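Working through the structure, step by step
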Amino acid sequence: MRVLGNAPDWSESMSLPPHDVLNLDLAAAGARRIAWADQHMPVLASIRQRFEREKPLAGQRLAACLHVTTETANLMRTLVAGGAEVRLCASNPLSTQDDVAAALVAAHGIPTFAVKGEDNARYYRHIRACLEFSPTITMDDGADLVTSLLFVARGELDGVHPEIRAFAEALGPAGRESLIAGVIGSTEETTTGVIRLRAMERDSVLRFPVIAVNDSDTKHLFDNRYGTGQSTMDGIIRATNLLISGLTVVVAGYGWCGRGVAMRAHGLGARVVVTEIDPVKALEAAMDGWQVMPMVEAARIGDVIVTVTGNTRVLTPAHAPLFKNGAVLCNSGHFDVEIDIPGLRALAVDRWEARPFVEALKLADGRVIHLLAEGRLVNLAAAEGHPAVVMDMSFANQAMAAEHLVQRAGSLRPQVFRLPEELDKGIAALKLETMGRSIDVLTAEQEAYLASWREGT
Ligand code: NAI
């Protein structure tokens, strides 16, 4: 039986590219899973076929800092097909799929730097490996690559990780300037990254254009809602094996991700409670049928509490006296700051691993609370992240954004943009087509009617 499917076995024919992965023996298993995901990513596959013919990324060095999953592997294959030289590092220490990282190196010849459970020093060593590549395009999920690049370029090295500091010092001022001057643009995958990048734009420190892939309709309406909704519940269930039916699930944050989590928790039979700070979102949650209350009330009744706010310290030691015995706390927002884990751990009289990805904390009064996946994105740490079907659209946006940056190199200002609407709609049309769905088209009469103001009652 062929174990690598249609993936070329890079290691047999050539020397391996630079890498830091857990174990190359996992490559065959990873390659099979990458091929499985590929079957569910027809839009990306069609872009890959076009890229193979047209090579729109020829001559580009593309450094990507993304969750190292099967879907990301197919995006990397697409960028390589487009003619780019690619380097990949992890955007989160716990989300890497080690078999995929191995397959990227040994079956696809793509330099990959990612190990599940890597510590902070290794995480930043991997970011450094991507910066050393002198990228012309960067691709981020959370903006860690761009942030590191800007700190290096600006020589602002006081707060940065020693690994990045050493890199910047070795470059010297001229090397730092030439590193940043070589970047034609960047793309950003997630809400939190876009928020950081807009703050950079406001502070006038952004040096190149960024395409906020998250802002495409074919990204956040589907990935954040249906992807995070399903995979967050998947992560909670895989970690705990709880029956969700009959439980009270508290969802903190009713943005695109929160809506999805609430919808899917309800679908599994949970009573859903939403906490918010935005009155419009709170109203929407109330009219969608969920209970809405502040966290100080929700924390008393939640069997499972999920944070998806993109904010910091949503659950803190102040909530500890309120939690039910056995409560499960987890986060699906980008950074691990939504639950104050050090603060909660400091209150524990005992703590132990109850199951993989489940840390039990015993409080002084005897109650036990459970923290999932060290407060990191539970859907990626304890499950596999979003299904390929939905990442198909997110990563079609990423591939098109890279192509757009090359086409418009030098003409875009150092601002945060969204992908042009016609490209976004084009991805939706292609996705519908691959799903075998067709829609109506406007008649000439309807088009004229919509464009006119003269017709009324
Ligand atoms: P969003 O901006 O649409 O929603 C966030 C919501 O949280 C807003 O409605 C805001 O009012 C609310 N909020 C802020 N502070 C709050 C607080 N203290 N208490 C209660 N609510 C609060 O953002 P979106 O797209 O839903 O993303 C949320 C987070 O999830 C971000 O960090 C994003 O990067 C991340 N994300 C994670 C994914 C995953 O795979 N787990 C996928 C996509 C996004």
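Check the entry above for the structure.
One structure accompanies this document, and this report is about it. (Residues numbered from 1 in each chain as written. Predicted model: local features only at pLDDT ≥ 70, side-chain atom pairs only at ≥ 80, totals over all residues. Heavy atoms only, no water.)

**Thoughts on the site of the ligand**
The test is simple: Proximity is defined per residue: any heavy atom of the residue falling within 4 Å of a molecule or strand makes that residue near it. As used in this structure description, the phrase polar contact means that two N or O atoms lie within 3.5 Å; if the pair is within protein, one of them must be able to donate a hydrogen and the other to accept it, and residues adjacent in sequence are counted only when both atoms belong to side chains. Here the accessible surface of atoms and residues is derived via Shrake-Rupley with a 1.4 Å probe, and residues count as covered only by protein chains that are part of the display. Here a strand is any run of E in DSSP of at least two residues, a helix any run of H or I of at least four, and the numbering for each starts at the N terminus. Ten residue types, Ala, Val, Leu, Ile, Met, Phe, Trp, Tyr, Cys and Pro, are classed as nonpolar, four, Asp, Glu, Lys and Arg, as charged, and the remainder, Gly among them, as polar. Residue ranges labeled as domains rest on an automatic or database domain assignment.
As a structural note, the neighbourhood of the ligand is formed by 28 residues, with Thr190, Thr191, Thr192, Glu276 and Ser332 the closest of them. The backbone of Cys257 places a nitrogen or oxygen atom 2.9 Å from an oxygen atom of the ligand. Here an oxygen atom of the ligand sits 3.0 Å away from a polar atom, N or O, in the main chain of His334. Look at the ligand: alone it shows 860 Å² of surface, and the protein chains cover 87% of it. Mapped onto the shell around the ligand, the elements with two or more residues apiece are helix H9 (191-202), helix H10 (217-240), helix H11 (256-267) and helix H15 (378-381). Residue contributions to the shell around the ligand peak at 3 residues, all from H10. Class assignment of the residues belonging to the shell around the ligand gives a composition of 8 nonpolar, 16 polar and 4 charged. Shared between two domains, the shell around the ligand takes at least three residues from each, and those domains are domain 1 (10-215 + 386-434) and domain 2 (228-376).

**Notes on the packing of aromatic side chains**
So the rule is basically this: Here the aromatic set is Phe, Tyr and Trp, taking the six-membered ring for Trp, and pairing holds for ring centres within 6.5 Å; pairs whose planes are under 30 degrees apart are stacked, those over 60 apart are edge-to-face, and all others are tilted.
Tallying each qualifying case throughout the model produces 2 aromatic pairs. Judged by centre distance (5.2 Å) and plane angle (85°), the rings of Tyr123 and Tyr124 are edge-to-face. Where Phe222 meets Tyr226, the ring centres are 6.3 Å apart and the plane angle is 40°; that geometry is what we call tilted. Placement of both Phe222 and Tyr226 in helix H10 is noted, with a separation of 4 residues, approximately one turn of the helix.

**Focus: the sheet that holds strand E1 (residues 19-20)**
How we decide: In this scheme, strands are said to pair when DSSP sees at least two bridges between them. The criterion used for residue contact is that any of the two residues' heavy atoms lie within 4.5 Å. Interaxial angle, 0 to 180 degrees, is taken between N-to-C directions of lines fitted to C-alpha atoms, where a helix line uses only the stretch in contact.
Here we have 8 strands laid out as an open sheet, ordered E1-E4-E3-E2-E5-E6-E7-E16, and parallel in their pairing. If you trace the sheet from one side to the other, it starts and ends with E1 and strand E16 (416-417), each paired once. Strand direction decides the pairing type here: strand E3 (residues 85-90) and strand E4 (residues 112-113), joined by 2 bridges, are parallel. Within E4, the position partnered with Cys89 by the bridge is Phe113. The strands that helix H16 (residues 388-407) touches are strand E2 (61-66), strand E5 (137-140), strand E6 (185-188) and strand E7 (210-212); relative to E6, the one it contacts most, it runs at about 160°.

**Observations concerning the pairing of strand E14 (residues 358-362)**
To keep it simple, the criterion reads: Relative accessibility thresholds used throughout: buried, under 20% of the residue-type maximum; exposed, over 50%; partly exposed, between the two (1.4 Å probe, protein chains only).
The buried fraction of E14 amounts to 4 of the 5 residues, a majority that puts the element mostly inside the structure. Bridge count between strand E13 (residues 350-355) and E14: 5 bridges; the pairing is antiparallel. Directly across from Arg351, in E14, lies its bridge partner Leu361. What sits between the antiparallel neighbours E13 and E14 is a turn of 2 residues, in which Phe357 has the positive phi angle 70°. The sheet contact formed by E14 and strand E15 (residues 368-372) spans 5 bridges and is antiparallel. Note on E15: the bridge partner recorded for Leu361 is Ile369. As consecutive antiparallel partners, E14 and E15 are separated by 5 residues, and within that stretch Gly366 has a phi angle of approximately 100°, a positive value.

**Let's talk about the sheet that holds E15**
Strand pairing in a sheet relies on backbone hydrogen bonds, with the paired strands running either antiparallel or parallel. Read across the sheet, 8 strands follow the order E10-E9-E8-E11-E12-E15-E14-E13 without closing on themselves; strand pairing throughout is mixed. Since the sheet does not close on itself, it has two edges, and those belong to strand E10 (291-292) and E13, each with one partner. Where strand E9 (residues 271-275) and E10 come together, 2 bridges link them in parallel fashion. Within E10, the residue paired with Val274 across the bridge is Val292. Contacts between H11 and the sheet are confined to strand E8 (248-252), E9 and strand E11 (304-307), with E8 contributing the most and set at about 175° to the helix.

**Quick word on unusual backbone geometry**
Despite not being glycine, Arg313 has its phi angle at roughly 50°, a positive value. Among the structural elements, Arg313 can be located in the loop between E11 and strand E12 (328-331).

**Some thoughts on the side chain of Asn74**
Along the chain, the position of Asn74 falls in helix H4 (residues 70-81). Looking at Asn74, the relative accessible area reads 0%, which means it is buried. Setting aside anything within four residues of it in sequence, one finds Asn74 in contact with Ile34, Ala37, Asp38, Met41, Leu44 and Arg48.

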